[in-house]
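The residues making up each chain are set out below.
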Amino acid sequence: MKWVTWVLLFALAGLQYDLWMGHGGWHDMWNLENNVINQNASNEALIQRNRALTAEIKDLADGKDAINEMARDKLGYIQDGEVFYRFVPSGTLVTTTNNQNNIPQR
């Protein structure tokens, strides 16, 4: 009768091992839950990016101010009647070449 008890205990231990450590067990469930949390965080960041892009598209479609701002920022656009000032940090040497003599000027 003792050997039947031992066999049943080993069978129960084998079934519990599959439940806790086997494929689809608790360990896999914990890993999947962590993956879901990471994916949700990634999705939230992408949702925020999409909202910003949607707002930028609406702004570009509705008015010229956003287009002017982007042209100024990315292309160096200057409108008629505006004066462009360029500030060079002190300590930098700006040289230009004279087209007639090819002599550097300071």
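Residues numbered from 1 in each chain as written. Predicted model: local features only at pLDDT ≥ 70, side-chain atom pairs only at ≥ 80, totals over all residues. Heavy atoms only, no water.

**Examining the overall build of the protein**
Stage number 1. A count of helical and extended segments in the protein gives three helices and two strands.
Stage number 2. What you see in the protein, going N to C, is helices and strands ordered as α-α-α-β-β.
Stage number 3. Buried positions account for 4% of the 106 residues belonging to the protein.
Stage number 4. Put simply, the protein shows about 10,200 Å² of open surface, and 59% of that area lies on carbon and sulfur atoms. (Helix = DSSP H or I, 4+ residues; strand = E, 2+ residues; numbered from the N terminus. Buried < 20%, exposed > 50% of the residue type's maximum accessible area, 1.4 Å probe, protein only. Areas by Shrake-Rupley, 256 points an atom, 1.4 Å probe, with all protein chains shown as cover.)

**Here's the deal with the packing of aromatic side chains**
Stage number 1. Tallying each qualifying case throughout the model produces one aromatic pair.
Stage number 2. With a centroid separation of 6.2 Å and 35° between ring planes, the pair formed by Trp6 and Phe10 is classed as tilted. Of this pair, Trp6 and Phe10 both sit in helix H1 (residues 2–21), four residues apart, roughly one helical turn. Here Trp6 and Phe10 have matching classes, each one exposed. (Phe/Tyr/Trp six-rings, centres within 6.5 Å; stacked < 30°, edge-to-face > 60°.)

**Some thoughts on a nonpolar patch on the surface**
Stage number 1. Side chains of Tyr17, Leu19, Trp20, Met21, Trp26, Met29 and Trp30 sit close together on the surface and give an oily, nonpolar patch of about 750 Å² of accessible area.
Stage number 2. Put simply, the parts of the chain that give the nonpolar patch at least two residues each are H1 and helix H2 (26–62).
Stage number 3. When residues of the nonpolar patch are assigned to their parent elements, the largest contribution, four residues, is made by H1.
Stage number 4. Mapped onto the fold, Met29 is located in helix H2. (Patch = residues over 30% accessible without salt bridge, like charges linked within 9 Å, V, L, I, M, F, W, Y side chains within 5 Å. Salt bridge = Lys/Arg side-chain N within 4 Å of Asp/Glu carboxyl O.)

**Quick look at the pattern of salt bridges**
Stage number 1. Per the stated rule, a full pass over the model turns up one salt bridge.
Stage number 2. Ionic pairing is found between Glu82 and Arg72, a salt bridge with its closest N-O pair at 2.9 Å. Here the residue Glu82 occupies a position in the loop between helix H3 (65–75) and strand S1 (96–97), and Arg72 occupies one in helix H3, the gap between them amounting to ten residues.
Stage number 3. Residue class for Arg72 comes out partly exposed when judged on its relative accessible area of 35%.

**As for the confidence of the model for the protein**
Stage number 1. Residues with a pLDDT of 70 or more make up 88% of the protein, whose mean pLDDT is 82.
Stage number 2. Between the elements of the protein, mean pLDDT differs from a low of 52, seen in strand S2 (residues 104–105), to a high of 93, seen in H2. (pLDDT = per-residue confidence, 0-100.)

**Some remarks on a negative patch on the surface**
Stage number 1. On the surface, a cluster of negative charge is contributed by Glu56, Asp59, Asp62, Asp65, Glu69 and Asp73.
Stage number 2. Of all the secondary-structure elements, those providing two or more residues to the negative patch are H2 and H3.
Stage number 3. With respect to the helices and strands, Glu56 occurs in helix H2.
Stage number 4. For Glu56, a relative accessible area of 37% gives the class partly exposed. (Lys, Arg positive; Asp, Glu negative; His and termini not counted. Charge placed at Lys NZ, Arg CZ, Asp CG, Glu CD.)

**Observations concerning the environment of Ala71**
Stage number 1. Residue position: Ala71 is located in helix H3.
Stage number 2. Apart from residues lying up to four places away in sequence, Ala71 is in contact with Gly76 and Tyr77. (Contact = heavy atoms within 4.5 Å.)

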